[in-house]
Amino acid sequence: MSGEGTYYVPEQSKLPIFASIGLFITVYGAAGWLNGGTPTLFTVGFIMFAMVLWSWFSIVIKENLAGLNDAQLKRSYVWAMGWFIFSEVMFFAAFFGALYYMRNISLPELGGDNTTNEILWSGFKEVWPLMVTPDMAANGTSATVVGPDINMSVTTADSIFTWLPFWNTAVLLTSSFTVHFAHTALKNNNKKGFNLWLGITVALGIIFLFLQAAEYIHAYAENLKIHHGAYGTTFFMLTGFHGLHVTMGTFMLLVMWLRSVLKGHFSHEDCFGFEAASWYWHFVDVVWVGLFIFVYILG
């Protein structure tokens, strides 16, 4: 029901249940894949989750085109997207906090020249990248651990132009500008320019994911894996979850691009779907800047 003084309440839906199931299968499958399993379960869960999102987007779009989304409901969408991005900020803050605590508090305490190291963890050294645990060093088993030939920081690169994180950064920061250009074109009622710049943004997102895959292949070739100590764990957890968010953002922008090209959706007055996706994309870019500084430059 819509109109003056009313608030539209969508019908009950099973989509949240299916989304939760799909996301659970995706995460469970990813954990199994990382521990020597196959990517089958991960792929099934991801496809299921993507299909649910597609269906969900379709329902919301139909409601909006039918005029059911009044001003109050649209404000609730804005707040919902804002809180969602805030929750993602807290999610990454936990990982960045863990990296900071490990490198600047626990590592000096456990491996420094102090009583704790002398009594409990004799033999454990304060080095980064950290490939062994204090217990392994104290028990003399660290010699059996084979670490990476190189880490992924800028100090190991032959040239800035052959360093994959540089190109990842260039691509992602460029995409932040192109999505802004798309928004500007839409404000000026330039749908052709909007479609062009948004399409370029989607293409840059896909290129970033290919570069991320190439970086992982390179890391494995240099014997850097997720089970290789604190460095391997934090590197793959931070960059892996960011890659997942880039995948989600690319999918969202792709949906918006298809809506505009195939259906003629969006105008200056009615474009919240695109705006929400662009907000998310800018958030993903900001997170990558943090990763680039603290994982690659200072790592």
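Throughout, a residue's number is its position along its own chain's written sequence, starting from 1. With pLDDT at 70 or above as the cut-off, local features in this predicted model cover only qualifying residues; side-chain atom pairs require 80 or more to be listed or tallied, and sums for whole chains, interfaces and linings still use all residues. Heavy atoms from the whole structure form the basis of all side-chain values; hydrogens and water molecules are not counted.

> It is not clear to me how empty space enclosed by the protein should be interpreted in this structure. Could you clarify?
Lining residues are defined by having an atom within 4 Å of a point belonging to a cavity or pocket. Those points lie on a 1 Å grid over the protein atoms alone, cavities being sets where a 1.4 Å probe fits but cannot get out and pockets being open sets with protein on both sides within 12 Å along at least five of seven lines. Grid points are joined across faces, edges and corners, and a volume is the space filled by probe spheres set on the points. For the structure on display, the rule yields one cavity of 30 Å³ or more. Put simply, the largest cavity is a space of about 40 Å³. Lining the largest cavity are ten residues, with Leu99, Trp128, Tyr231, Thr234 and Val295 sitting closest to its centre. Strands are runs of DSSP state E lasting at least 2 residues, helices are runs of H or I lasting at least 4, and numbering of each runs from the N terminus. At the level of elements, helix H3 (71-111), helix H8 (229-263) and helix H9 (272-297) are the ones that each hand at least two residues to the lining of the largest cavity. Here the lining of the largest cavity is composed, by residue class, of seven nonpolar, two polar and one charged. Put simply, Ala, Val, Leu, Ile, Met, Phe, Trp, Tyr, Cys and Pro go in the nonpolar bin, Asp, Glu, Lys and Arg in the charged bin, and everything else, Gly too, in the polar bin.

> I keep staring at the layout of surface pockets and nothing clicks. Help me out?
Which parts of space are left empty comes out when a probe the size of a water molecule is rolled across the atoms. By volume, the second largest pocket is sized at about 250 Å³. If you go around the second largest pocket, the residues you meet are Trp54, Phe57, Ser58, Ile61, Lys62, Leu65, Val255, Leu258, Arg259, Leu262, Lys263 and His265. Broken down by secondary-structure element, the contributors of at least two residues to the lining of the second largest pocket are helix H2 (40-65) and H8. Ranked by residue count, the leading element in the lining of the second largest pocket is H2, at six residues. When grouped by side-chain class, the residues that make up the lining of the second largest pocket number seven nonpolar, two polar and three charged. Counting residues domain by domain, the lining of the second largest pocket receives three or more from each of domain 1 (1-69) and domain 2 (70-297). Residue ranges assigned to the domains are those given by an automatic or database domain assignment.

> Looking at this structure, I do not really get the packing of H3 against H9. What am I missing?
Helix-helix packing: each pair is described by the crossing angle between the helix axes and the interaxial distance. Axes, fitted as lines to C-alpha atoms, cover a helix only where it is in contact. Angles between the N-to-C directions of the axes lie from 0 to 180 degrees. In the contact formed by H3 and H9, the axes pass within 11 Å of each other and the chain directions differ by 10°. When the axes of H3 and H9 are compared, the pair comes out roughly parallel. Residue-level inspection shows Tyr77, Val78, Met81, Phe84, Ile85, Glu88, Val89, Phe92, Phe96, Leu99 and Arg103 of H3 in contact with H9, the latter providing Phe272, Ala276, Trp279, Tyr280, Phe283, Val287, Gly290, Leu291, Phe294 and Val295. For the contact of H3 with H9, a count of residues per class yields 18 nonpolar, one polar and two charged. Here the word oblique covers every angle except those under 35 degrees (roughly parallel), over 145 (roughly antiparallel) and from 65 to 115 (roughly perpendicular). By definition in these notes, contact holds between two residues if any of their heavy atoms fall within 4.5 Å.

> What is the right way to read the nonpolar core from this model?
It is characteristic of soluble globular proteins that their nonpolar side chains tend to be buried jointly. Trp128, Phe194, Phe235, Phe274 and Tyr296 are the most contacted members of the largest nonpolar core, which totals 54 residues. Put simply, the parts of the chain that give this core at least two residues each are H3, helix H6 (164-187), helix H7 (191-221), H8 and H9. Ranked by residue count, the leading element in this core is H9, at 13 residues. When sequence neighbours within four positions are dropped, the list of residues in contact with Phe274 reads Val179, Ala182, His183, Leu186, Phe194, Leu198, Met256 and Phe266. Definition of nonpolar core: a set of buried residues of the types Ala, Val, Leu, Ile, Met, Phe, Trp, Tyr and Cys, connected through side-chain atoms within 4.5 Å. Using a 1.4 Å probe on the protein chains alone, a residue whose accessible area is under 20% of its type maximum counts as buried, one over 50% counts as exposed, and one in between counts as partly exposed. Ala19, Phe49, Val52 and Leu53 belong to the second-largest nonpolar core, a separate cluster that totals five residues.

> Please explain H9 as it appears in this structure.
Side chains three or four residues apart in an α-helix point the same way, a direct result of the helix having 3.6 residues per turn. Helix length check: H9 (26 residues) gives 36 Å between terminal C-alpha atoms against 38 Å at 1.5 Å per residue, within 8%. Remark: the principal bend of H9, roughly 25°, maps to Leu291. Under the convention used throughout, the expected extent of a helix is 1.5 Å for every residue step, that is, one less than its residue count. At every residue, the bend is computed as the angle between two fitted axes, covering the seven residues ending there and the seven beginning there respectively.

> How should I be thinking about the packing of aromatic side chains in this particular structure?
Two numbers describe a pair of aromatic rings. These are the distance of the centres and the angle of the planes. Any two rings among Phe, Tyr and Trp, with Trp reduced to its six-membered ring, count as a pair given centres within 6.5 Å; such a pair is stacked if its planes are under 30 degrees apart, edge-to-face if over 60, and tilted if neither. Considering all chains together, one arrives at 29 aromatic pairs under this definition. When the centroid spacing of 5.1 Å and the interplanar angle of 80° are considered together, the rings of Phe91 and Phe241 count as edge-to-face. Here Phe91, found in helix H3, pairs with Phe241, found in helix H8; they are 150 residues apart in sequence, far enough to count as distant. The exposure class assigned to Phe241 is partly exposed, which follows from its relative accessible area of 26%. Relative to Trp167, the ring of Phe166 lies with its centre 5.0 Å away and its plane at 75°, an arrangement referred to as edge-to-face. Overall, Phe166 belongs to the partly exposed group, its relative accessible area being 24%. Accessibility expressed as a relative area gives 37% for Trp167, which makes it partly exposed.

> Honestly, a nonpolar patch on the surface in this entry has me stumped. Any pointers?
For patch detection, residues must exceed 30% relative accessible area and be free of salt bridges, and they are connected within 9 Å for like charges or within 5 Å for nonpolar side chains (Val, Leu, Ile, Met, Phe, Trp, Tyr). Exposure was quantified through the Shrake-Rupley algorithm and a 1.4 Å probe, taking into account, for residues, occlusion by the shown protein chains and nothing else. The salt bridge definition used is simple: a Lys or Arg side-chain nitrogen within 4 Å of an Asp or Glu carboxyl oxygen. Residues Leu173, Val289, Ile293, Phe294, Ile297 and Leu298 make up a contiguous nonpolar surface patch of roughly 480 Å² in combined accessible area. Sorting elements by how many residues they give to the nonpolar patch places H9 first, with four residues. Tracing the sequence through the fold places Leu298 in the segment after H9. Owing to a relative accessible area of 48%, Leu298 belongs among the partly exposed residues under this scheme.

> Can you walk me through the domain arrangement of the protein in this structure?
Interfaces are often sized by the accessible area lost when the parts come together. Once the domains are mapped, the protein shows domain 1 (1-69) and domain 2 (70-297). Taken over C-alpha atoms, the centre of domain 1 sits 23 Å from the centre of domain 2. At the junction of the two partners, domain 1 supplies 17 residues and domain 2 supplies 16 residues. Each of two parts loses accessible area, computed with a 1.4 Å probe, when they are put together; buried area is these two losses added. A buried area of about 1500 Å², summed over both sides, lies between domain 1 and domain 2, and 70% of it is on carbon and sulfur atoms. If you sort the residues of domain 1 by the area they bury against domain 2, Tyr7, Phe57 and Asn69 come out on top, with a joint share of 36%. Counting every contact that joins domain 1 to domain 2 gives zero salt bridges. The term polar contact refers here to a pair of N or O atoms within 3.5 Å; inside protein, the definition further demands a hydrogen-donor-capable atom paired with an acceptor-capable atom, and it admits residues adjacent in sequence only when both atoms are side-chain atoms. Where domain 1 packs against domain 2, one counts one residue pair in polar contact (both at pLDDT 80 or more). If you tally residues by element for the side of domain 1 that touches domain 2, the top one is H2, at ten residues. Across the side of domain 1 that touches domain 2, the residue classes break down as twelve nonpolar, four polar and one charged.

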